[in-house]
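The primary structure of each chain is shown beneath.
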Amino acid sequence: MNKKELKAMLNDAFYAPEPEEKQSFLKSFPPRRITMVEFLLQQISYIRISSWIVFLAIVAVAIFGSAFGIGMTEDIVTMIMPFSVAVAMVEVNRSRKYNMAELEMSTRFSLRSVVFARMVILGIVSIIILAISSPVIAGTFGGKALQVAVRVLIPYLITMIICLRVERSTLGRGNGYISVVIAGAMALFISCADSYTPAIIACYRELLADWGLLMVIALFAIAFYEQWKTVKTMEAFA
Amino acid sequence: MDLEKTYDKIYRYVYFKINNRSIAEDITQETFLRFISKKGDFHDSDIRYLYTIARNLCIDEYRRVKPEPLTDEINHSVVDSDNTENRLLVKQALEKLPVEDQELLLLRYVNEESVNTMSKTLGISRFALYRRLKNAEEKLRLNLEVEE
């Protein structure tokens, strides 16, 4: 007799009749208070596997691209990083679309807090991706990790700002995957810019060397403002 | 902590000790109410306190009324079963074990408690728990062979 059989057998032997007052008792029971960390961890479990695959793919490209010395690794990471914004926006949209139906305790949290929690989680994940990718790329191809991070962050933040603005518009509310189109357009723009507008790109890189960090800070501020506006208007959409 | 799942575990544990549905349910609810009045909130690690409260309430119940060895409810449940004969055999084999061993098997295999939770609930070391569990399983297997 193996453990599984033993378990099944004991389950049967320790039979207990169905309690009659369980549901009424549990309903009368005050809901459990949960901490912010627990709430965030709970929200992590609702993020789809496909979203995690996209995040992992970005890290994998950075690591394997650097490991095999593929010269375009940084450009590829810069191009695919906006898709992490698209994934985040799809997740946020999902919360809105289903009115948090996936949440067991939907009555305990507002849509606003759920959306905010998801944005925080996905933002943290993006920062982790960047924190892993930038030193790896910088270590392999030379340069400073901060410079790589700045180069990757600028298109990422611009995509985020555009996505958040569009998501709030009628077009965005009507189309859950508009952010994927925006991320795709950004990736296409990055890939074409080097070939078709080399002078502008050279100028941009010079600008980044001097003002890159400041630009990132400014874009972060705008992105935070846009996120705040999105979260603020979220209740009205629910 | 999944409250409903926890309720089922405590209720099953109490029912095992009391063998009476309504009393088991009363004790289960009393366990939760006592816990919440003291601690105010639930966390995953709190289940061992619930077991302790439930066990103490069961002891109080034993003192209050003398327990009957077999109630109608058990017979009823057996009659309802599709696999009556098999269940009866296992039940008989289980009843030959000391109550402490039965409790161990219930907590580990039916309520699926971790070794850590169990050792803390029962106040014994993990090593002692492993040994006692192994012994209980062995004895149950032997009893089953005899029954068959």
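Residues numbered from 1 in each chain as written. Chains lettered and ligands numbered in written order. Predicted model: local features only at pLDDT ≥ 70, side-chain atom pairs only at ≥ 80, totals over all residues. Heavy atoms only, no water.

### Things to note about the environment of F116 of chain A
All names here are of chain A. Relative to the elements of secondary structure, F116 occurs in helix α6 (residues 111-141). Residue class for F116 comes out partly exposed when judged on its relative accessible area of 45%. It is 8.7 Å that separates the C-alpha atoms of F116 and V92, two residues lying 24 residues apart in sequence. (Helix = DSSP H or I, 4+ residues; strand = E, 2+ residues; numbered from the N terminus. Buried < 20%, exposed > 50% of the residue type's maximum accessible area, 1.4 Å probe, protein only.)

### Here's the deal with a nonpolar patch on the surface
Residues and elements named next belong to chain A. A contiguous nonpolar surface patch, about 780 Å² in accessible area, is contributed by I63, F64, F68, I70, M72, I124, I128 and I132. Elements with a minimum of two residues in the nonpolar patch: α4 (49-67) and α6. With three residues, α6 is the single largest residue contributor to the nonpolar patch. Within the fold, I63 resides in helix α4. (Patch = residues over 30% accessible without salt bridge, like charges linked within 9 Å, V, L, I, M, F, W, Y side chains within 5 Å. Areas by Shrake-Rupley, 256 points an atom, 1.4 Å probe, with all protein chains shown as cover. Salt bridge = Lys/Arg side-chain N within 4 Å of Asp/Glu carboxyl O.)

### So, the nonpolar core
Core analysis: the biggest nonpolar cluster contains 47 residues, and L10 and F14 of chain A together with V14, F32, L94, L105 and L140 of chain B have the highest contact counts within it. The residues that make up this core include at least three from each of domain 1 (1-80) and domain 2 (83-148) of chain B. When sequence neighbours within four positions are dropped, the list of residues in contact with V14 of chain B reads N19, A24, I27, T28, A54 and C58 of chain B. Listed in part, the 41 residues of the second largest apolar core include A62, V150, L153 and I161 of chain A. (Core = buried A, V, L, I, M, F, W, Y, C linked by side-chain atoms within 4.5 Å. Domains from an automatic or database assignment. Contact = heavy atoms within 4.5 Å.)

### So, the interface of chain A and chain B
Across the boundary between the two partners, chain A contributes 25 residues, which contact 35 residues of chain B. For R21 of chain B, the salt bridge is made with E20 of chain A, and the minimal N-O distance between the two is 3.7 Å. Broken down by secondary-structure element, the contributors of at least two residues to the side of chain A that touches chain B are α1 (3-13) and α2 (22-28) of chain A. No other element matches α1 of chain A, which puts eight residues into the side of chain A that touches chain B. Residues that form the side of chain A that touches chain B fall into these classes: 13 nonpolar, two polar and ten charged. (Nonpolar A, V, L, I, M, F, W, Y, C, P; charged D, E, K, R; others polar.)

### Some details on unusual backbone geometry
Residues and elements named next belong to chain B. At N19, a residue that is not glycine, the phi angle is positive and equals roughly 60°. Locating N19 in the fold gives a position in the loop between α1 (3-18) and α2 (21-39). Residue classification places N19 among the buried residues on the basis of a relative accessible area of 17%. Backbone geometry at E112 places phi at a positive 55°, although glycine is not the residue there. Position of E112 relative to the elements: it lies in the loop between α6 (99-110) and α7 (115-122).

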